[in-house]
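This is what each chain is made of:
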Amino acid sequence: MRDGFKLTEEIVNSKPFDEYRGNALHRGEVDINNDESIDEWIRNKSHSAYHPCCTCAMGQVTDSAGRVKGTENLRVVDASIMPSMTSGNLNAPTIMLAEKISDHVLGKPQRSKELLQWWTHPKWQTQQR
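Along each chain, residues carry numbers from 1 onward, in the same order as the chain's sequence is written. For this predicted model, a pLDDT threshold of at least 70 governs which residues receive local features, and a threshold of 80 or more governs which side-chain atom pairs are given and counted, while totals over whole chains, interfaces and linings are taken from all residues. Excluding hydrogens and water, the side-chain values take into account all heavy atoms of the structure.

A. A look at the layout of surface pockets. For each structure, a 1 Å grid was placed over the protein atoms alone; sets of points admitting a 1.4 Å probe that cannot get out are labelled cavities, open sets with protein on both sides within 12 Å along at least five of seven lines are labelled pockets, and lining residues have an atom within 4 Å of a point. Grid points are joined across faces, edges and corners, and a volume is the space filled by probe spheres set on the points. When its volume is computed, the largest pocket comes out at roughly 1,400 Å³. Think of it this way: any DSSP run of H or I at least four residues long counts as a helix, any run of E at least two long counts as a strand, and we number them from the N terminus. Here the element with the most residues in the lining of the largest pocket is helix α1 (residues 2-12); it accounts for 5 residues. Each residue gets one of three labels, nonpolar for Ala, Val, Leu, Ile, Met, Phe, Trp, Tyr, Cys and Pro, charged for Asp, Glu, Lys and Arg, and polar for the others, Gly among them. Its residues placed into classes, the lining of the largest pocket shows 18 nonpolar, 13 polar and 5 charged. A volume near 340 Å³ is recorded for the second largest pocket.

Written out as structure tokens, the structure reads:
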């Protein structure tokens, strides 16, 4: 992982990326010239999971509408923008997130909680259990 970190640093800091490169997210957190510092940063900031998520965390990489900061016309609309891992399966929260961001893309106004009407099965006490 250290070698991958170093290669990424080399690529991102090369001349062709000058016009695209912003501030490093790890700025001030790791000494990129010190293997022990890199190893510690990797241990503290990385994780593996069966369902990868949080690689483009909302608030750090994207805004709340999935727009990638520092770019135009680029959105991320999947589990990678979740700011932290969920304790359960990613399917339902990812669908909700995609629905919400699709409303932003389509220009739909944000719905007020007071206007939401919940459907309840008319025979909820005896059916749908």
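B. The arrangement of helix α2 (residues 35-45) in detail. Looking at α2, one finds that the buried residues are S37, I38 and I42. The buried residues of α2 occupy one face: seen down the axis, they fall within an arc of 135 degrees. In α2, the exposed positions that point more than 90 degrees away from the buried face belong to E36, R43 and N44. Contact between two residues is taken to exist if any of their heavy atoms lie within 4.5 Å; hydrogens are not considered. Looking at the packing, one finds that the buried side of α2 touches α1. Polar contact is defined as a pair of N or O atoms within 3.5 Å, subject to the rule that within protein one atom must be able to donate a hydrogen and the other to accept it, and that residues adjacent in sequence are counted only when both atoms are side-chain atoms. Its side-chain oxygen placed 2.9 Å from the backbone nitrogen of E36, N34 serves as the N-cap of α2. The buried label applies to any residue whose accessible area, calculated with a 1.4 Å probe on protein chains only, is under 20% of its type's maximum; exposed applies above 50%, and partly exposed to all values in between. This arc is taken over the directions from the axis of the helix to the C-beta atoms.

C. Main features of the pattern of salt bridges. Any Lys or Arg side-chain nitrogen located within 4 Å of an Asp or Glu carboxyl oxygen qualifies as a salt bridge. Following the criterion strictly, the structure yields 7 salt bridges and no others. Residues R21 and D18 are paired through a salt bridge, measuring 2.4 Å at the closest nitrogen-oxygen approach. Among the residues examined, R21 registers a relative accessible area of 31% and is labelled partly exposed. Overall, the relative accessible area of 39% leaves D18 in the partly exposed class.

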